[in-house]
Every structure is written in structure tokens, then in C-alpha cells.
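Spelled out from the first residue to the last, the chains are:
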Amino acid sequence: MLAYLIDHAATLKVTTLQRRLAAIREQHAAAGFVLDTTSAAFRDAWRGIKRAHGRPAEKKRPLMTVDLRRAVATLPDTLAGRRDRALILVGFAAALRRSELAGLQVSRRDGAAWIEEQPDGLVIHLGRSKTDQQSEGAEVGVPYGSNLETCPVRSYRAWINAAQLREGPAFRPIDRHGRLGLEAVTDRAVARIVQRTVEAAALVDGHSLEEAQRIASAFAGHSLRSGLATSAAANDAPGHTIQRQLRHKRFDTTSGYIRSGQIFKQNPAGMAGL
């Protein structure tokens, strides 16, 4: 096993090697064998591989509220435009992972995540997620926004009414002729919608197509979730409420977003009289 890792260290990312190591370990266990990775020799070699070939994870930028406003302002008043507006704003406000957003249903269905409309806003009912291994589920509230153009509740209702949806997937593909699909969008489609909308905003701001595409490539589906957390922290939202909206089990996971959002808040360099 160690020889395999060393042999592939120059061509594969450390994260890929970690996944393969886990898969090989599971296959050994399923066959009744034990793959020992606890020896001092293995641990030393593995540390050396990570030190020599490891690199920081490439993080996508959070879509902050000010950038989100500019982005959704470019969306046309078409069926696709209404879908994209609702998808982006609901995903942002509920701090959803892209797979969670893609899997939402319009009405309750056993075992599926769904959206419930209530007088005070939307309630997102989620099933099992990455941090909910016991399948207890979670409820996430999405209140009305103070700005009509970026209100997630009104945007969602406008999309549902325009698409005449009463059941099934909440967000669906739309072909170039404006025809609505029956299946749900994919999580990759969520990322493309975010990037396409950011690119459109960059073009409106006067960037060239090449520059707009470069700007958009820094964002992805997770930019909605991280954007909500970072924007809320920048506006002094209490840390425990951010943790609750993101459904993190541990606060130290949430604190990374809070540090990013408050990087200029009470900054000693800003209080040093420069």
C-alpha cells in the first residue's frame, strides 16, 4: 500500500490519494483482511507525501449580498430568469448545499426535502445531510426580504406560479425553447447558474468576456451558502444564529465564515491611527 501511494504521489492530489486509501481499506475489510496503516513507517511516509505534495484546498469565493444584488439584477423576466432568481435567493437565504437545493420538492414527499409556504415565509424541510448521519432532518426558515428584487420568498412564489408547479421538483431544467423539464436540476447545474449570473453581472460592470468568465470561475454552488454566512457575520449576526442556519454541529466550523465576514471589524490596524 505504501509503495502505491509513493508511486502515485507525483501525479495525484493528496486528497485523491486519501480517498483511494479509504476505498482500499474498505475493500480489505469487506474481504476479511486488515490493512494496517498505523505503523510508524507508514505514518512517517504519509506525512512526507502530504508535506511534499499537499496544497491548500482551492476555495470558491462567497457570493456576498452586494454582489448577489448585482447578479440577480441581470436576470430577465422570463421563465428561466425567474427560476434562476428563485434558486439563487432561496439557496442563499437557506444556506443550502448545492445538492440540497437541487433536490428540493414543491410539496411534501416521503424521504425527500421539500418547501413549505407559510404566512411568515418559507420552511425548508431537509432530510439526511452531510452533518445529519442519523437522518433526523432539519427545518430552515427563510423570511421575507426587505428588498422586493432580492426577496427569496416572493421570488420563489413568482417562479412557482409562472411554472405552474404543484408537485415534483421545485427547480427544473428549461430548454432553449422555454419548455420546462420534469426532472430536477443537477447540483452541477446549480453551480453553472451561479457562475452564469455572476458572469452577466461582470459584463454589465464593463468587464470583457474573458475577464467576466475569469471572475465567474471563482464562484460555485457553495458560494451561496458561504455568502450567506459571511454576509451575515459582516452585519454582526450572532454566531449561534449563523451556526443554526448552516446546521453545523460544531461552532469551530462556523467560526471560519465569521472570521472572514468580520476581518475588518474592530481590526487593530484600523484602530492604530494610521
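Residues numbered from 1 in each chain as written. Predicted model: local features only at pLDDT ≥ 70, side-chain atom pairs only at ≥ 80, totals over all residues. Heavy atoms only, no water.

1. What about the overall build of the protein?
At step 1: Helix and strand counts for the protein come out as twelve helices and three strands.
At step 2: Over its C-alpha atoms, taken along the principal directions, the protein stretches across nearly 60 × 60 × 40 Å.
At step 3: For the protein, buried positions account for 40% of its 274 residues.
At step 4: Considering only intrachain contacts with a sequence separation of at least 6, the fraction spanning at least 24 residues in the protein is 57%.
At step 5: Summed over its atoms, the accessible surface of the protein is roughly 16,200 Å², and 51% of this surface lies on carbon and sulfur atoms.
At step 6: Averaging the positions of the 40 positive and the 27 negative side-chain charges in the protein gives two centres separated by 4 Å. (Helix = DSSP H or I, 4+ residues; strand = E, 2+ residues; numbered from the N terminus. Buried < 20%, exposed > 50% of the residue type's maximum accessible area, 1.4 Å probe, protein only. Contact = heavy atoms within 4.5 Å. Areas by Shrake-Rupley, 256 points an atom, 1.4 Å probe, with all protein chains shown as cover. Lys, Arg positive; Asp, Glu negative; His and termini not counted. Charge placed at Lys NZ, Arg CZ, Asp CG, Glu CD.)

2. Describing the pairing of strand β1 (residues 114-118)
At step 1: Bridge analysis of β1 against strand β2 (residues 121-126) gives five bridges, and the strand direction is antiparallel. Looking at the pairing, Glu116 lines up with Val123 of β2.
At step 2: Taken together, β1 and the strand that follows it, β2, pair antiparallel across an intervening segment of two residues. (Pairing = 2+ DSSP bridges.)

3. Quick notes on the pattern of salt bridges
At step 1: Under the counting rule described, the total for this entry stands at twelve salt bridges.
At step 2: Note that Glu117 is salt-bridged to Arg157, the shortest N-O span being 2.7 Å. One end of the pair, Glu117, is in strand β1; the other, Arg157, is in helix α7 (residues 152-163), and 40 residues separate them in sequence.
At step 3: Look at Arg157 and you get partly exposed, because its relative accessible area is 21%.
At step 4: Residue Asp252 pairs with Arg250 through a salt bridge whose shortest N-O separation is 2.7 Å.
At step 5: Because the salt bridges share partners, they merge into one network encompassing Asp67, Arg70 and Asp205. (Salt bridge = Lys/Arg side-chain N within 4 Å of Asp/Glu carboxyl O.)

4. A word on helix α9 (residues 209-216)
At step 1: Looking at α9, one finds that the buried residues are Ala212, Ile215 and Ala216. Burial along α9 is one-sided: seen end-on, the buried residues are contained in an arc of 95°.
At step 2: Here the buried face of α9 lies against α8 (187-204). (Arc of directions from axis to C-beta.)

5. Some details on the packing of helix α2 (residues 14-30) against helix α3 (residues 40-53)
At step 1: At their nearest, the axes of α2 and α3 sit 10 Å apart, and the two run at 150° to each other. By the angle between their axes, α2 is roughly antiparallel relative to α3. On α3, the residues touching Val14, Leu17, Gln18 and Leu21 of α2 are Phe42, Trp46, Ile49, Lys50 and His53.
At step 2: Taken together, the residues of the contact of α2 with α3 break down into six nonpolar, two polar and one charged. (Axes fitted to C-alpha atoms, helices over the stretch in contact; angles between N-to-C directions. Parallel < 35°, antiparallel > 145°, perpendicular 65-115°, else oblique. Nonpolar A, V, L, I, M, F, W, Y, C, P; charged D, E, K, R; others polar.)

6. A closer look at unusual backbone geometry
At step 1: Positive phi is not limited to glycine here, since Gln164 has a value of about 55°.
At step 2: Mapped onto the elements of the fold, Gln164 is located in the loop between α7 and α8.
At step 3: Gln164 sits in the exposed class, given a relative accessible area of 64%.
At step 4: Positive phi, normally seen in glycine, also occurs at Asp236, with a value near 65°.
At step 5: As for its position among the elements, Asp236 is in the loop between α10 (222-234) and α11 (239-246).

7. Examining the nonpolar core
At step 1: In this structure, Leu101, Leu104, Ile124, Tyr156 and Phe171 are the most contacted members of the largest nonpolar core, which totals 55 residues.
At step 2: In terms of residues, this core owes the most to one element, helix α5 (residues 79-93), which gives seven residues.
At step 3: For Phe171, the residues in contact, after removing those within four places along its chain, are Arg83, Ala86, Leu87, Leu101, Leu104, Tyr156, Trp159, Glu183, Ala184 and Val185.
At step 4: Grouped together as the second largest cluster of nonpolar side chains are nine residues, Leu21, Phe42, Trp46 and Ile49 included. (Core = buried A, V, L, I, M, F, W, Y, C linked by side-chain atoms within 4.5 Å.)

8. A closer look at the packing of aromatic side chains
At step 1: Under the counting rule described, the total for this entry stands at one aromatic pair.
At step 2: Aromatic side chains Tyr156 and Phe171 sit 6.4 Å apart centroid to centroid with 70° between the ring planes, which places their arrangement in the edge-to-face category. Pair noted here: Tyr156 is in helix α7 and Phe171 is in the loop between α7 and α8, with a separation of 15 residues, a long-range link.
At step 3: By relative accessible area, which is 0% here, Phe171 ends up buried. (Phe/Tyr/Trp six-rings, centres within 6.5 Å; stacked < 30°, edge-to-face > 60°.)

9. Some thoughts on the side chain of His248
At step 1: Note on placement: His248 falls in the loop between α11 and α12 (251-261).
At step 2: Of the polar contacts made by the side chain of His248, one reaches the side chain of Arg225; its length is 3.4 Å.
At step 3: Residues in contact with His248, not counting those within four places in the same chain, are Arg225, Gln243, Thr253, Thr254 and Tyr257. (Polar contact = N/O pair within 3.5 Å; in protein donor to acceptor, adjacent residues only side chain to side chain.)

10. Re the packing of helix α4 (residues 65-72) against α8
At step 1: At their nearest, the axes of α4 and α8 sit 8 Å apart, and the two run at 85° to each other. On the basis of their axis angle, the class for α4 and α8 is roughly perpendicular. Of α8, the residues touching α4 (which contributes Arg70, Ala71 and Val72) are Thr197, Val198 and Ala201.
At step 2: Its residues assigned to classes, the contact of α4 with α8 shows four nonpolar, one polar and one charged.

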